[in-house]
Structure formats: C-alpha cells, structure tokens
Amino acid sequence: MRSSSSPRVPYQLLALFVILATAIGVMAYWFHVEQKDTVEQNVRNQLLTVADIKVKDLSMWRSTRLGEARAILADRMTLTVIRRVLAGDASAPERADVYAWIEALSKDMRYVGVLLLDRQGKPVLSVGQRFGDDEHLRRIAEETLQAGDVVLRDFHRDTRSGPVHLGLNLALRLAPDGAAFGVLTLGIDPATYLYPFLETWPVPSASGETVLVRRDGDEAVFLSRLRGRENSAANFRVPMSRTDIAAVQAAGGKEGNIEALDYQGMPVFAAVRRVPDTPWYLIAKMEEDEVEAPVRRRSLVLGLIAVSLILVVGAVIALLWRRQQLQFYRERYEAEIE
C-alpha cells in the first residue's frame, strides 16, 4: 500500500500547544489578579493605619486643650483676681498680673489670641489676634455663659476670606455651681499645628492626603486645607446628594474602607474614621492611579514573560512538527526505494 503524499495534520501537537498556551495565559492572569488584590489590600490596611493614627493624635490634641481649660478653671486664686478685674475693683498691680497671665497663656500654650470678656461680651483685657467684631464677641459670651462650661468652637471663618480658627471659650466661675462672672476666649489657629499635622504623610506618596470633614445641613464641608485650592478650608462644600464623593459618604456616617471620588473628581482608595466626641470625620486617601501603577508595571512584565513562554512553546511544537515531517518523508523515501 502506498503511503499518503503528505504528512497528516498534527492535531495532537496543535492541541498540546493550545493547552499549554491557555495554561500560561490563565496562570499569568491569576498571578495578575493575585498581585492586584494584594497591593490593594495593603493600601487599604495602610490607609486605615494612617487614619487611626491621625484620629488618635487629634483626640489627644483635643483632650489636651480641654485639660488646659479645666486647669484654668481650677485655679481659684487667679480666678478671684480676674473677677475683681472684670468688676472694676482690681488694683493696678492686680490688673497687670492678670494681663501678664493671659500673655503667658498665649505664648506658652500657643493660643493666637486671648480675650477676657465681661458678661456682656465686652473685651476687658486682650492679647494677640482678635477674631470677629463686637457683635461676634457678644454672641460668643452669650453662648458660653448659656453652656456654663468649656465650649470648643468648631473650625469657622468670621468672613469668607477671613482666617480659619477655632475657639476654646470658658465660662469663668469660682465654684462649679456658682454664677459665671465672665468669659475667657482662647483663639486657636489650625495653621500652627492641626493643618501641618494633617498634611503629613508617613510614607512617600504623590497623592496620599488626609482631610477633615463634617456635615453642615445638606452639605459636607471640608475643614482642612485642600491641595491646589486656595481658601478651601471651612469654605469648600459638596452637596450631600453627591454620594459618589468620599467626603459625602464620610459626613453621612460611613466608616472604614471605601472606594469613591475625591474633591477633585479622581477615583481614590480611602479610609474613614470619626474623631470621637466631635462631628469631624477624617479621610485618609490615595488616588487609584497611584495604587494601580505598580500593578500595571508588574502586569506588563508578566505579560511579556507569558508571551515569550507561549512563543517558546510554539517554537518547540513547530520543531516537533518539523521532525514529524522529516520522519514522514524519510519513511516515504525508503518505501519508494524498496
């Protein structure tokens, strides 16, 4: 019987090539997914750690400020002299001593302004920067006296272009159940500590950022400074209807890891934590592009390796097919000679 004039199609070799190429592709894809999940989970954990550290330090800062206020209210001797100053009964040396005392408060405890107000909110002694007009001070005194205790006034501006500040306001009394005889206001500039602290990032990152937000009615207001936006602190707001924005989700009470848009509309990985005993929410975030960049680089290298392996497998399969062809023609030649 004569042999066929051409070698048979190498279906087995083709099947082997398809199987090996598919296996290489599946393994490369699986490795890519595994790497992507690992990188993203590491970033999520890092963001939660950053948020937790920042929140802990913010709480400590707040507790320190309130502790300073409690210490002032516990100093009965100084309060007795302050009461005489506010009543107009103090001697010149006593008035000078109280002025030196509030001057030391401003310097040693880094308050940008200290005002001693009477019950009507009229300044009697002041050191440093003064925020707001007479009407503003009257409202501060009324609010503090009504609370009858220490009031930490939130981030705010007196005017849209005015400086952001907080206020630690104390209703002064000689006994816990006694009548308040005046108000001490301690002005806090967040640019001296809070903003620089919020703007630091523990590891090198092009987009890593922490911001502080809270809800104000139907809006989420940013309390901290934002990159690339002048006068943004306590001014920049986002409607609560924009649920795709990380700040809106945070101001709405959502905590933990989220994936959303930042204030620039960029997709970000973020971690949200509430600052205890405040309406503040801290967001630690990184842009998705930065997070995914190393994954893309590794995937490119992995893809090149996978393609190279498939080409090698194809070359081996082609070599085997070539050997089969040679074997076929050798057998045919020998058969013809016989």
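Below or above, wherever it landed, is the structure these notes cover.

### Comments concerning the sheet that holds strand β8 (residues 237-239)
Taking strand neighbours across the sheet as the criterion, the six strands line up as β8-β7-β6-β11-β10-β9 in an open arrangement whose pairing is antiparallel. Looking at the sheet topology across the chains shown, the edges are occupied by β8 and β9 (256-261). Across the sheet, the mean angle separating the axes of adjacent strands is 35° when strand polarity is ignored. Pairing of strand β10 (residues 267-274) with strand β11 (residues 281-287) involves seven bridges; the strand directions are antiparallel. The partner of A270 across the bridge, within β11, is K285. In the packing of helix α7 (residues 288-337) onto the sheet, contacts are made with β10 and β11, and the angle to β11 comes to roughly 40°.

### What about the packing of aromatic side chains?
Here the structure, examined in full by the defined rule, presents five aromatic pairs. Measuring from ring centre to ring centre gives 6.2 Å for F155 and Y195, while their planes differ by 15°; the resulting arrangement is stacked. With F155 in strand β3 (residues 150-156) and Y195 in helix α5 (residues 194-199), this pair connects stretches of sequence that are 40 residues apart. Taking 5.8 Å as the distance between ring centres and 75° as the angle between the ring planes, the aromatic pair formed by F222 and Y263 counts as edge-to-face. Placement of the pair is F222 in strand β7 (residues 219-222) and Y263 in the loop between β9 and β10, with a sequence separation of 41 residues. Feature note: the residues F155, Y195 and W280 constitute an aromatic cluster, connected by ring pairs. Positioned above the aromatic ring of F197, the side-chain terminus of K54 is 4.6 Å from the ring centre. Over the ring of Y111 we find R65; its NZ or CZ atom is 4.5 Å from the centre of that ring.

### Details of the side chain of R173
Counting through the fold element by element, R173 comes out in the loop between β4 (165-172) and β5 (182-188). A polar contact of 3.0 Å, which involves the side chain of R173, links it to the backbone oxygen of G148. Those residues in contact with R173, other than ones at most four positions away along the chain, are L79, G148, G178, A179, A180 and F181.

### Some remarks on the nonpolar core
Counting residues in hydrophobic clusters, the biggest one holds 55 residues, and the most contacted among them are L116, F155, L170, L172, L184, L186 and L212. Those residues within four positions of F155 in sequence are excluded, and the remaining contacts are V164, H165, L166, P190, L194, Y195, L212, R214, L223 and W280. V213, Y263, A270 and V272 belong to the second-largest nonpolar core, a separate cluster that totals 20 residues.

### Here we look at the packing of helix α2 (residues 76-87) against helix α3 (residues 92-108)
Between α2 and α3, the least distance of the axes is 10 Å, while the angle of their chain directions is 120°. Relative to α3, α2 is oriented so that their crossing is left-handed. Packed against α2, whose contacting residues are T78, V81, I82, R84 and V85, the element α3 presents E94, R95, V98 and W101 at the interface. By residue class, the composition of the contact of α2 with α3 is five nonpolar, one polar and three charged.

### Concerning the environment of A180
Among the secondary structure elements, A180 is positioned in the loop between β4 and β5. For A180, a relative accessible area of 10% corresponds to the buried category. Taking the C-alpha atoms as reference points, A180 and R83, 97 residues apart in sequence, are found 9.6 Å from one another. With residues near it in sequence (within four places) discarded, A180 still touches R119, L145, A171, L172 and R173.

### So, the pattern of salt bridges
All chains considered together, the criterion is met by 20 salt bridges. Here D134 and R130 are joined by a salt bridge, their closest N and O atoms 2.4 Å apart. In this structure R130 comes out as partly exposed when scored by relative accessible area, which is 38%. Among the ionic pairs, E199 bridges to R225, the shortest N-O distance being 2.7 Å. Highlighted residues: E199 in helix α5 and R225 in the loop between β7 and β8, separated in sequence by 26 residues. Connected through salt bridges with shared partners, the residues K36, E40, R44, E259 and E292 form a single ionic network.

Basis of the calculations
Residues numbered from 1 in each chain as written. Predicted model: local features only at pLDDT ≥ 70, side-chain atom pairs only at ≥ 80, totals over all residues. Heavy atoms only, no water. Pairing = 2+ DSSP bridges. Helix = DSSP H or I, 4+ residues; strand = E, 2+ residues; numbered from the N terminus. Axes fitted to C-alpha atoms, helices over the stretch in contact; angles between N-to-C directions. Contact = heavy atoms within 4.5 Å. Phe/Tyr/Trp six-rings, centres within 6.5 Å; stacked < 30°, edge-to-face > 60°. Lys NZ or Arg CZ within 6 Å of the ring centre and 35° of its normal. Polar contact = N/O pair within 3.5 Å; in protein donor to acceptor, adjacent residues only side chain to side chain. Core = buried A, V, L, I, M, F, W, Y, C linked by side-chain atoms within 4.5 Å. Buried < 20%, exposed > 50% of the residue type's maximum accessible area, 1.4 Å probe, protein only. Left-handed = near helix turned anticlockwise from the far one by under 90°. Nonpolar A, V, L, I, M, F, W, Y, C, P; charged D, E, K, R; others polar. Salt bridge = Lys/Arg side-chain N within 4 Å of Asp/Glu carboxyl O.

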